[in-house]
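# Structural description and commentary
Listed below are the residues making up each chain.
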Amino acid sequence: MFTFRSLILSERMRSFMMIVILVVFVAFGVQIILNESNLTTQIFYVVFLSFFTFFFVLSEVLRFMHRKMVYALNIKVDHPKALYWLSKVQKFDLIKEYQQTYVVFKTLYHRDLGEFDELKKTLEHPIFQRSSSLKLIDKVNRFYIAIEEKNDEQVQSLYKDIYDAYFIKTKKSHTPRYVYDIHQISADYYIYKKNASKAHDELQQVLLDRLNPREQTYYYVSFAKYSQLKQKGTDLVYWNKAKEIAPNVHHVVNYVKES
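Now for a quick tour of the structure. Numbering of residues begins from 1 in every chain and follows the order in which that chain's sequence is written. Only residues with pLDDT of at least 70 get local features here, since the model is predicted, and only at 80 or more are side-chain atom pairs given and counted; chain-wide, interface and lining totals rely on the full set of residues. With hydrogens and water stripped out, all remaining heavy atoms of the structure feed into the side-chain values.

## Here's the deal with the environment of Phe223
Labels follow the DSSP assignment, with helices taken as runs of H or I lasting at least four residues and strands as runs of E lasting at least two, numbered in each case from the N terminus. If you trace the backbone, Phe223 turns up in helix 10 (residues 213-230). Each residue gets one of three labels from its accessible area relative to the maximum for its type: buried under 20%, exposed over 50%, partly exposed in between, using a 1.4 Å probe on protein chains only. Residue class for Phe223 comes out buried when judged on its relative accessible area of 8%. What makes two residues a contact is simply this: any of their non-hydrogen atoms within 4.5 Å. Excluding anything up to four places from it in sequence, Phe223 contacts Leu203, Gln204 and Tyr238.

Pasting the structure below:
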């Protein structure tokens, strides 16, 4: 089974291979330069080798910082640290390779901290109209904003759009990447509708071991809300599980019993 440890190992292997490739390329390039008698050609090779090495190293450094950012947000659920690494990526991303990542990151960041006005502003970015996957991210975030604002009409409309995106077949090129668990989304929809039975059915289909710690906090809070709907008296058990992972995120701090 895929685990975060296996990801770390695969990344370490990749990093090792990239270092080997760089060393071999530089050594080969230096050898060519030393064997070249024409000064103009030598200068050309030096410029090319320097240019390639600079952007190769920069790309790997950006990749490293990006992984640190993702790890801080999704595994440690440490938003200040994640924001720190985001600022580093933005600073060194000279060719804007990670521009889409910045914007998507902000949707996660603002929603986690309950900064819904900032989340709305982020969703106005034109990048969310570029692909079916980004459009889905836009709709899911607007769905949760609608829940927060208790906008019944928007909740209903957006849930239908999201559900259709998952279950209505379209051309392969128009099929979004399913970065959210539809059963989690459906459970939150039915909790909002106070339909405890359907909410439970959806929560039972969420594969908890496939969720990262950040996502687990949402799952546990949803289960706490379901438990409260059923008046089982176990809602605080689930809420405490979320609190153990991330005590400072909005949905944990602002959990309110719906009694």
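Additional details are given in the paragraphs that follow.
## Concerning the environment of Lys68
Checked against the element boundaries, Lys68 lands in helix 2 (residues 39-75). Residues Lys68 and Tyr84, 16 residues apart in the sequence, show an inter-C-alpha distance of 9.7 Å.

## Examining the packing of helix 8 (residues 182-192) against helix 9 (residues 196-204)
To get an axis, fit a line to the C-alpha atoms, keeping to the stretch in contact for a helix; angles then go from 0 to 180 degrees between the N-to-C directions. Following both chains from N to C, one finds helix 8 and helix 9 inclined at 165°, their axes separated by 8 Å at the closest point. Taken as axis vectors, helix 8 and helix 9 run roughly antiparallel relative to one another. The handedness of the crossing between helix 8 and helix 9 is left-handed. Residue-level inspection shows His183, Ser186, Ala187, Tyr190 and Ile191 of helix 8 in contact with helix 9, the latter providing Lys198, Ala199, Glu202 and Leu203. Residues were grouped as follows: Ala, Val, Leu, Ile, Met, Phe, Trp, Tyr, Cys and Pro as nonpolar; Asp, Glu, Lys and Arg as charged; and all remaining residues, including Gly, as polar. Considered class by class, the residues forming the contact of helix 8 with helix 9 number five nonpolar, two polar and two charged. When an angle is under 35 degrees it counts as roughly parallel; over 145 it counts as roughly antiparallel; between 65 and 115 it counts as roughly perpendicular; any other value is oblique. Left-handed is the label given to a crossing in which the near helix is rotated counterclockwise from the far helix by less than a right angle, and right-handed is the label when the rotation is clockwise.

## What to know about unusual backbone geometry
Located in the positive-phi region is Lys150, a residue other than glycine, with phi close to 55°. If you trace the backbone, Lys150 turns up in the loop between helix 6 (132-148) and helix 7 (152-167). Positive phi, close to 60°, is recorded for Lys194, a residue that is not glycine. Tracing the chain through its elements places Lys194 in the loop between helix 8 and helix 9. Among the residues examined, Lys194 registers a relative accessible area of 57% and is labelled exposed.

## Details of the nonpolar core
One broad trend across soluble globular proteins is that nonpolar side chains are buried collectively. The nonpolar core is taken to be a set of buried Ala, Val, Leu, Ile, Met, Phe, Trp, Tyr and Cys residues, with the residues joined through side-chain atoms within 4.5 Å. By size, the foremost hydrophobic cluster in this structure holds 47 residues, and its most contacted members are Phe143, Ile162 and Ile185. Of all the elements in the fold, those that place two or more residues in this core are helix 4 (99-112), helix 5 (116-123), helix 6, helix 7, helix 8, helix 9, helix 10 and helix 11 (235-245). Broken down by element, this core gets its largest block of residues, nine residues, from helix 6. Once residues lying within four places of it in the same chain are set aside, the contact partners of Ile185 are Val140, Phe143, Tyr144, Tyr159, Ile162 and Tyr180. Core analysis: the second largest hydrophobic core is formed by 15 residues, Met69, Ala72, Tyr98 and Tyr102 among them.

## Comments concerning the packing of aromatic side chains
Both the distance between ring centres and the angle between the ring planes are used here to describe each pair of aromatic rings. Between 30 and 60 degrees the pair is tilted, below 30 it is stacked and above 60 it is edge-to-face, where a pair is any two Phe, Tyr or Trp rings, Trp via its six-membered ring, whose centres lie within 6.5 Å. A complete count under the given rule lists 19 aromatic pairs for this structure. Ring centres of Phe51 and Phe55 lie 4.7 Å apart, and the angle between their planes is 55°; on these two criteria the pair is classed as tilted. Remark: Phe55 and Phe51 occur in helix 2; sequence separation between them is four residues, near one turn of the helix. Note on Phe51: relative accessible area 52%, which makes it exposed. Since its relative accessible area comes to 28%, Phe55 is described here as partly exposed.

## Let's talk about helix 5
Within the span of helix 5, buried status applies to Phe116, Leu119, Thr122 and Leu123. The buried residues of helix 5 occupy an angular sector of 110° when the element is viewed end-on, so they sit on one face. Opposite its buried face, helix 5 presents the exposed residues Asp117 and Lys121, each directed more than 90 degrees away. Elements that come into contact with the buried residues of helix 5 comprise helix 4, helix 6 and helix 12 (250-253). Arc, as used here, means the arc of the directions from the helix axis to the C-beta atoms.

## Things to note about helix 8
For helix 8, the tally of buried residues reaches ten of eleven residues, placing the bulk of the element in the interior. Within the span of helix 8, buried status applies to Ile182, Gln184, Ile185, Ser186, Ala187, Asp188, Tyr189, Tyr190, Ile191 and Tyr192. In this structure, the buried side of helix 8 is in contact with helix 6, helix 7, helix 9 and helix 10. Between the side-chain oxygen of the N-cap and the backbone nitrogen of His183 there are 2.8 Å, and the N-cap of helix 8 in question is Asp181. Two N or O atoms count as a polar contact when they lie within 3.5 Å, although within protein this holds only if one can serve as hydrogen donor and the other as acceptor, and sequence-adjacent residues are included solely when both atoms are side-chain atoms.

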